[in-house]
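# Residue-level structural notes
Read off the chains here:
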Amino acid sequence: MLKRIALIIVIFQLTACAELQQVINQLPNGGITNDQIANGLKEALNNGITNQVSTLAVEDGFFKNELTRILLPEELQKVDKTLRSIGLSKVADEGLKVLNRAAEDAVSEAIPIFVDAIKGMTFADAKNILLGDKNAATNYLQSATSEALYQKFNPIIQQSFQKVGADKIWTDLITKYNNLPLTNDVNPDLTDYVTGEALKGVFTMVEVEEKEIRANVGKRTTDLLRTVFALQD
């Protein structure tokens, strides 16, 4: 697909519209317009959000997903290891789980932000995506939405910490650790850390879906997707 659509774009840049249409009409699937190409990309991205990002916004969506599970930041790994060594494994496990719960609470807020970014995509954006790497669409969304997503996620994660008791659990964990002899006190910004990890998880799942739609005919679930992506077949 990418090579043929790239060819269309190059032709568009070098020839008149009538000549472009003549070339497009000779393709196996008949004519396809610039708008259709752009809309096909938009639909693929919307599918990625619906099919993948939504799976993160449920209980254990992060925690039981090997690609997105939030692990402890480096400075807390020593806290975890030390607490387990003194028989507090259950408390340490709960501390890890509530970090993931906070991300799961926040991620549903990503969908409308992504939708707005996709609606604003131009043909020039679509051209850059089609001529780019296999994760170019994901990179586009990351560039277009990261700042807005961070601002939306951060307060929700802070509220979630309070709701699920993460703030109390981690205050207790860190207090226990800091009171141990021969340890250096830690005081990490867990809200900021989990916000960043939640963003990584979201874009990881968008990229999974993008790669699938580019490579897997069965993922092209609408006429528009089949029309645009069949150009590679």
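This write-up is about the structure you can find in this document.

## Structural notes on the packing of helix 4 (residues 74-85) against helix 5 (residues 89-106)
- For the pair helix 4 and helix 5, the least separation of the axes is 7 Å and the interaxial angle reads 150 degrees. Viewed along their axes, helix 4 and helix 5 adopt a mutual orientation that is roughly antiparallel. Taken together, the residues of helix 5 that come into contact with helix 4 (itself represented by D80, L83 and R84) are S89, A92 and D93.
- For the contact of helix 4 with helix 5, a count of residues per class yields 2 nonpolar, 1 polar and 3 charged.

## Things to note about unusual backbone geometry
- Even without glycine at this site, D60 takes up a positive phi of about 70 degrees.
- Looking at the element boundaries, D60 is found in the loop between helix 3 (34-56) and helix 4.

## Focus on the pattern of salt bridges
- Following the criterion strictly, the structure yields 7 salt bridges and no others.
- A salt bridge links E104 to R101; the nearest nitrogen and oxygen atoms lie 3.2 Å apart. Here R101 and E104 lie together in helix 5, a separation of 3 residues that amounts to about one turn.
- Residue E104 is classed as buried on the basis of its relative accessible area of 5%.
- Residue classification places R101 among the buried positions, given a relative accessible area of 15%.
- The partner of E197 in a salt bridge is K200, with the nearest N and O atoms 3.1 Å apart. Of this pair, E197 and K200 both sit in helix 10 (residues 190-215), 3 residues apart, which is roughly one turn of that helix.
- When salt bridges with common partners are traced through the structure, they connect E59, D60, K64, R101 and E104 into a single cluster.

## Some points on the environment of A198
- Here A198 is to be found in helix 10.
- Sequence separation between A198 and I70 is 128 residues; the distance between their C-alpha atoms is 7.7 Å.
- With near-sequence residues (within four places) excluded, A198 lies in contact with F62, I70, A103, F153 and I157.

Rules and cut-offs
Residues numbered from 1 in each chain as written. Predicted model: local features only at pLDDT ≥ 70, side-chain atom pairs only at ≥ 80, totals over all residues. Heavy atoms only, no water. Axes fitted to C-alpha atoms, helices over the stretch in contact; angles between N-to-C directions. Helix = DSSP H or I, 4+ residues; strand = E, 2+ residues; numbered from the N terminus. Parallel < 35°, antiparallel > 145°, perpendicular 65-115°, else oblique. Contact = heavy atoms within 4.5 Å. Nonpolar A, V, L, I, M, F, W, Y, C, P; charged D, E, K, R; others polar. Salt bridge = Lys/Arg side-chain N within 4 Å of Asp/Glu carboxyl O. Buried < 20%, exposed > 50% of the residue type's maximum accessible area, 1.4 Å probe, protein only.

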